[in-house]
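Residue-level structure breakdown
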Number of protein chains: 2
Amino acid sequence: MPSRVPRKLASAPRPVASRIRRNRRPRGETAASRIYTDLRAELVSLARRPGEPISEAQIATAYGVSRTPVREAILKLSDEGLVEIFPQSGIFVSRIPIAALPETIIIRKSLEETTARTAAERASPSQLLDLHATIERQREACAAKDREAFHQADEMFHAGIAEVAGYPGIWKLILQVKVHVDRYRRLTLPQIGRMSEVIAEHGSILAAIEKHKPDIARAAMASHLERLLDNISEIQTLNPEYFDQPTW
Amino acid sequence: MPSRVPRKLASAPRPVASRIRRNRRPRGETAASRIYTDLRAELVSLARRPGEPISEAQIATAYGVSRTPVREAILKLSDEGLVEIFPQSGIFVSRIPIAALPETIIIRKSLEETTARTAAERASPSQLLDLHATIERQREACAAKDREAFHQADEMFHAGIAEVAGYPGIWKLILQVKVHVDRYRRLTLPQIGRMSEVIAEHGSILAAIEKHKPDIARAAMASHLERLLDNISEIQTLNPEYFDQPTW
DNA sequence: TTTCATATATTAGTATATCAGTTGAGGAGC
DNA sequence: GCTCCTCAACTGATATACTAATATATGAAA
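Bear in mind that the values here come from a model prediction, so they are computed numbers and not experimental data. (Residues numbered from 1 in each chain as written. Chains lettered and ligands numbered in written order. Predicted model: local features only at pLDDT ≥ 70, side-chain atom pairs only at ≥ 80, totals over all residues. Heavy atoms only, no water.)

Regarding the sheet that holds strand β2 (residues 83–86) of chain A
Backbone hydrogen bonds are what pair the strands of a sheet, in a parallel or an antiparallel way. Residue and element names in this part refer to chain A. Strand order in the open sheet formed by 3 strands is β1-β3-β2, and the pairing between neighbours is antiparallel. Of all strands in the sheet, those with a lone pairing partner are β1 (53–54) and β2, marking the two edges. Here β2 pairs with strand β3 (residues 90–93) via 4 bridges, running antiparallel. Bridge pairing in β3 links Val83 to Val93. Together, β1, β2 and β3 form the strand contacts of helix α4 (residues 67–80), whose direction differs from that of β2 by roughly 110°. (Pairing = 2+ DSSP bridges. Helix = DSSP H or I, 4+ residues; strand = E, 2+ residues; numbered from the N terminus. Contact = heavy atoms within 4.5 Å. Axes fitted to C-alpha atoms, helices over the stretch in contact; angles between N-to-C directions.)

Shown next as structure tokens:
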């Protein structure tokens, strides 16, 4: 009983050096984290559609767990804006906030202008080869008309540039920010024709990085991402129930 | 009993139009949100010091609630990186990750270069007056040597520029990203001398915005925020237990 | 005194229970 | 048919209880 007080007093006023860097492991694979990962994938892939209700109890029984870890997962998804919680009413897959999409694309553009510019300053030959390989993989996916592989290679290219720049955290941030845009783009069946354009634009970016021309790389990345903005607001009445439209 | 099935089947395959925009209110002031807000303030203000343990049970009794809402708040803080959870061991105020600070400053710089540039394109006379007022408030705080008011006005200036640019979401994102830098800066007692420099730099930014010179505004903002980078890594051995240092 | 083993207390994660607010189907009245 | 009302069922938020894992205190052995 009295052991509690000394423990707290010993560490509260000033963490002792011995407390630094214990070999504690951060929380590993919990039921909550597993459910979170699964649910997030279902939401981003639109397997669960915008506006659709989500039942905590149903998921809990499906996973054979209680509602507690399910709730933890859903609360996290709520913070990300992927679901909306209405007290005593229900949890619903959030509709895509089209009005907010342009700003998130601009955020991404701002951040990737920086990674492209810095990558052009720092890229090593081996890193350049990796980026070339990624583009090549994208070409193959385009030839095979494999949308999924194309998209994966696309992400890898952008992540790779951030890596080369030495800013992997920037890519992680982008992943968080662009989630609604990803949902939107999955709705508008990506046109095959755009694929070769994307590859060409990636090629321009990489060429500038290879020549260590930061400003050109930045500009190439900027115009590449500006294409995203153009594609927004084309399909409006297509699936109106999926979008969070202003009250017209 | 049979009412459950029809309700689910009716909405699951396709959200019906009638379900759009009910007058449901999002979750309001819950016990969890109150505790989250309080705890976050304590963490950012360093009232709870890096490395210090946090007891769920203790907070629960302090607020007169159960562990559940406390846990919800702490999980959210864990996602933000303000606390670290070690299973079956304890929850601890996260140490300041100095190695990650430069990248977060660069993120902020990238984003605010955009807000400054766009603000210079769009600023209306009334908005310009607001920004001038904010700088004036900062001058008064400087004269009064009121650090807290100075810092508040500083935040308001940057938030105002994002607002003028039409990108309030960018400022919200910056608020999330810069939290560890804020903790760091609170540790290094902000030098009074720097205040007048900050005011001068803000003046340069605003002047460029006023003249609708996007590139100059962007550059002024960039150099303003680059000063943040200089101030890092000065105090290392000052309070080593507060920092998450590489294992030297 | 130091080292090692044991015991006890505390913890995060999860399970279960309770409560109050909301919804929507169905019925009464028109 | 239409409107309003009632009420049962479901929900999110919270409370309480349990479990396995970890750390610290204790004490024995060196």
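Observations concerning the protein's contact with DNA strand D
Near DNA strand D there are 25 residues, and of these Arg71 and Ile91 of chain A together with Arg27, Ala31 and Ser66 of chain B occur at the shortest range. The protein-proximal atoms of DNA strand D, defined as those within 4 Å of the protein, are 65% sugar or phosphate. Separating a base nitrogen of DNA strand D from a side-chain N or O atom of Gln88 of chain A is a distance of 3.0 Å. Take Thr68 of chain B: an N or O atom from its side chain is 3.0 Å from a base nitrogen of DNA strand D. Among the secondary structure elements, those contributing two or more residues to the surface near DNA strand D are α4, β2 and β3 of chain A together with α2 (31–44) and α4 (67–79) of chain B. Per-element tally for the surface near DNA strand D: the top contributor is α4 of chain B, with 3 residues. Taken together, the residues that form the surface near DNA strand D break down as 9 nonpolar, 9 polar and 7 charged. (Near = heavy atom within 4 Å. Polar contact = N/O pair within 3.5 Å; in protein donor to acceptor, adjacent residues only side chain to side chain. Nonpolar A, V, L, I, M, F, W, Y, C, P; charged D, E, K, R; others polar.)

Let's talk about the sheet that holds strand β2 (residues 83–86) of chain B
Spatially, β1-β3-β2 (chain B) is the arrangement adopted by the 3 strands of the open sheet, whose pairing is antiparallel. A single partner strand is all that each edge strand has here, and the edge strands are β1 (53–54) and β2 of chain B.

Section: the nonpolar core
Generally speaking, nonpolar side chains in soluble globular proteins are found buried as a group. The biggest cluster of nonpolar side chains holds 93 residues, and the ones touching the most others in it are Leu111, Ile161 and Ile209 of chain A together with Leu111, Ile161 and Ile209 of chain B. Excluding residues that lie within four positions of it along the chain, Ile161 of chain A makes contacts with Thr115, Ala116, Ala119, Leu131, Ile205, Ile209 and Met221 of chain A. (Core = buried A, V, L, I, M, F, W, Y, C linked by side-chain atoms within 4.5 Å. Buried < 20%, exposed > 50% of the residue type's maximum accessible area, 1.4 Å probe, protein only.)

Focus: the packing of helix α7 (residues 147–165) of chain A against helix α8 (residues 168–177) of chain A
Residue and element names in this part refer to chain A. The contact between α7 and α8 brings their axes to 7 Å, and the two run at 145°. When you trace α7 past α8, the crossing you get is right-handed. Where α7 approaches α8, its residues Glu155, His158, Ala159, Ala162 and Glu163 are matched on the opposing element by Pro168, Trp171 and Leu175. Here the contact of α7 with α8 is composed, by residue class, of 5 nonpolar, 1 polar and 2 charged. (Left-handed = near helix turned anticlockwise from the far one by under 90°.)

Overview of the packing of aromatic side chains
Residue and element names in this part refer to chain A. Following the criterion strictly, the structure yields 4 aromatic pairs over all chains and no others. Aromatic side chains Tyr184 and Phe243 sit 5.9 Å apart centroid to centroid with 55° between the ring planes, which places their arrangement in the tilted category. Separated by 59 residues along the polypeptide, Tyr184 in helix α9 (residues 179–187) and Phe243 in the segment after α11 (214–231) bring together distant segments of the chain. The cationic tip of Lys76 hangs over the ring face of Tyr36; the distance from NZ or CZ to the ring centre is 4.4 Å. (Phe/Tyr/Trp six-rings, centres within 6.5 Å; stacked < 30°, edge-to-face > 60°. Lys NZ or Arg CZ within 6 Å of the ring centre and 35° of its normal.)

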